[in-house]
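Results of the structural survey
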Amino acid sequence: MVLIWTQFGVKNKNVNVKCKVRVMHRDDSSSSSSSGESSRSEQEVPCLSIKPVGKDFYKVLGVSSDSNEDEIKKAYRKMALKFHPDKNSDADAEEKFKEIAEAYEILTDPKKRSIYDQYGEEGLRSGSGVTMAGHGSTPRTNVRGDAHTTFSSSFHGSDHFDIFFGSDFDGKEEDLFNPFSRFTFSHVGGFPAHDGGLRRGRRRLQRVAVMHDLLVTLEEVFHGCTKHMKITRSRLNPDGRSLRSEDKVLNVVVKKGWRAGTKITFPREGDETPNNTPADVTFVLKDKKHPQYKRDGSNIVYTAKITLKEALCGCTVNVPTLDNRMMPLPCSDVIKPGAVRRLRGEGLPLPKSPSQRGDLVVEFQVLFPDRIPPQSREIIKHSLAKC
């Protein structure tokens, strides 16, 4: 008779399993076997690899398999906020949200994570993944819980409204790239439980964004600036029903070279009502009329007025720049009305590359005399006879 004794030693989900196999004959006795005989009859041989099957929960959260609990929790919050059905209208957002919660529940539970690392998702569903002789199997593990309960508990029990519709955002540029900057966790437990106020779990729709024109000069666009804009808005009182009026100053940063039509949005800084969350406040850049230039994208256009004599005989035009310099522009050829010359790199900064600049375009306007004396007329006729 042959008996096989198997020892599993899996520590990582990507490591193959090795077994120790001991062959014992009917007349052998384990207690009387010598060490030499044991070494000959017991061998370590590779068995079939056990690779986890099912979902890769580390990949779902975008973390590595050696991530700690804090890294996993941070990744979960970021992904859950992105795919929450109340914020994401994609068709697969609900399923993705549940999958993210499932991954978080497993990877933050030491026992579940240990089973998953060894045997994968199927191991969790079956109990331990592999039944070892003489050890039995572990009870089946409940893999997927309530995704919304997981979401709420990961934010310390905060109500969804507090998470999504907090108003602590101050419009700083760095906050635009921080997924948690628009959410507040200060009102732990949700909205106050007033009979006439908002009930917990009731979803409020956001109001339409409030649009404001933001007038800027070409000099402000050239150098960049910060505009301090005072707004008056309506906000809910603690009772959840009555409103109060309050003022707030928003600091609007205008970057070098930004073009007319550029929008700067301050989320949740507008009016609020019992039925609506605060509206966004959006400022739309508009160019102020300039006394010397017209804007054409990153180029600026300057109109130089010259006399007929200068147009025919040549001249040097002094062109002012936005940084208060005078650029001499020699013109030796005949200048026709509407002729254009360019001063390269003397325009506005490029929005995506502020170190580079557009051109200063000089358009010529030739001023004709109202009348010419008869003597001068004859001279001109003679001089232009062959033109």
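None of the values given here were measured: they were computed from a predicted structure.

Re the overall build of the protein chain
- When its secondary structure is counted, the protein chain shows 10 helices and 17 strands.
- Out of the 387 residues in the protein chain, the part that is buried amounts to 35%.
- A separation threshold of at least 6 residues defines the contact pool for the protein chain, and within that pool the share at least 24 residues apart is 58%.
- Split by element, the accessible area of the protein chain, about 23600 Å² in all, is 50% carbon and sulfur.

Here's the deal with the environment of K96
- On the secondary structure map, K96 appears in helix α4 (residues 93-107).
- Here K96 falls in the partly exposed class, since its relative accessible area comes to 24%.
- In contact with K96, not counting residues within four places along its chain, are M79 and F83.

Here's the deal with the packing of aromatic side chains
- Taken as a whole and judged by the stated rule, the model has 6 aromatic pairs.
- One cation-aromatic arrangement involves K96 over F83; the distance from NZ or CZ to the ring centre is 5.8 Å.

Here we look at the confidence of the model for the protein chain
- Confidence in the prediction of the protein chain, expressed as mean pLDDT, is 77, and 69% of residues score 70 or more.
- Considering only residues more than four positions removed or in separate chains, one finds that residues 165-201, a stretch of pLDDT under 50, has 78 contacts.

Looking at the pairing of strand β11 (residues 299-307)
- Sheet topology note: the strand β10 (residues 293-296)/β11 ladder contains 4 bridges and is antiparallel. By the bridge assignment for β11, R295 is matched with I300.
- What sits between β10 and β11 in their antiparallel hairpin is a turn of 2 residues, with G297 showing a positive phi close to 70°.
- Inspection of the sheet shows β11 paired to strand β17 (residues 360-367) by 8 bridges, in the parallel sense. For I306, the partnering residue across the bridge sits in β17 and is V366.

Comments concerning the pattern of salt bridges
- Using the criterion set out here, one finds 16 salt bridges in the structure.
- A salt bridge links E272 to R204; its shortest N-O distance comes to 3.3 Å. One end of the pair, E272, is in the loop between β7 (263-266) and β8 (276-277); the other, R204, is in the loop between α7 (160-164) and β3 (205-206), and 68 residues separate them in sequence.
- Since its relative accessible area comes to 4%, R204 is described here as buried.

Side note on the sheet that holds β11
- Strand order in the open sheet made by the 4 strands is β10-β11-β17-β14, with mixed pairing throughout. Edge positions in the open sheet fall to β10 and β14 (340-343), since each of these has one partner strand only. The sheet shows a mean angle of 30° between the axes of neighbouring strands, direction not considered.

A closer look at the nonpolar core
- Judged by nonpolar contacts, the single largest core of 35 residues is most densely connected at F283, I306, V319, V362 and F364.
- For V362, the contacting residues outside a window of four places in its chain are Y302, A304, V319, L329, A339, V340 and R341.
- Core analysis: the next-biggest nonpolar cluster, separate from the first, contains 25 residues, V63, A75, A103 and I115 among them.

Regarding the sheet that holds strand β9 (residues 281-287)
- Judged by pairing direction, the sheet is mixed, and its 3 strands sit side by side in the order β4-β9-β7 without closing on themselves. One side of each edge strand has no neighbouring strand; the edge strands of this open sheet are β4 (210-216) and β7. Direction aside, neighbouring strands of the sheet carry axes that sit 25° apart on average.
- Judged from the 7 bridges that link them, β4 and β9 form a sheet pairing that is parallel. Its bridge partner being in β9, L215 is matched across the sheet by K286.

Here is what the cut-offs are and how they apply
- Residues numbered from 1 in each chain as written.
- Predicted model: local features only at pLDDT ≥ 70, side-chain atom pairs only at ≥ 80, totals over all residues.
- Heavy atoms only, no water.
- Helix = DSSP H or I, 4+ residues; strand = E, 2+ residues; numbered from the N terminus.
- Buried < 20%, exposed > 50% of the residue type's maximum accessible area, 1.4 Å probe, protein only.
- Contact = heavy atoms within 4.5 Å.
- Areas by Shrake-Rupley, 256 points an atom, 1.4 Å probe, with all protein chains shown as cover.
- Phe/Tyr/Trp six-rings, centres within 6.5 Å; stacked < 30°, edge-to-face > 60°.
- Lys NZ or Arg CZ within 6 Å of the ring centre and 35° of its normal.
- pLDDT = per-residue confidence, 0-100.
- Pairing = 2+ DSSP bridges.
- Salt bridge = Lys/Arg side-chain N within 4 Å of Asp/Glu carboxyl O.
- Axes fitted to C-alpha atoms, helices over the stretch in contact; angles between N-to-C directions.
- Core = buried A, V, L, I, M, F, W, Y, C linked by side-chain atoms within 4.5 Å.

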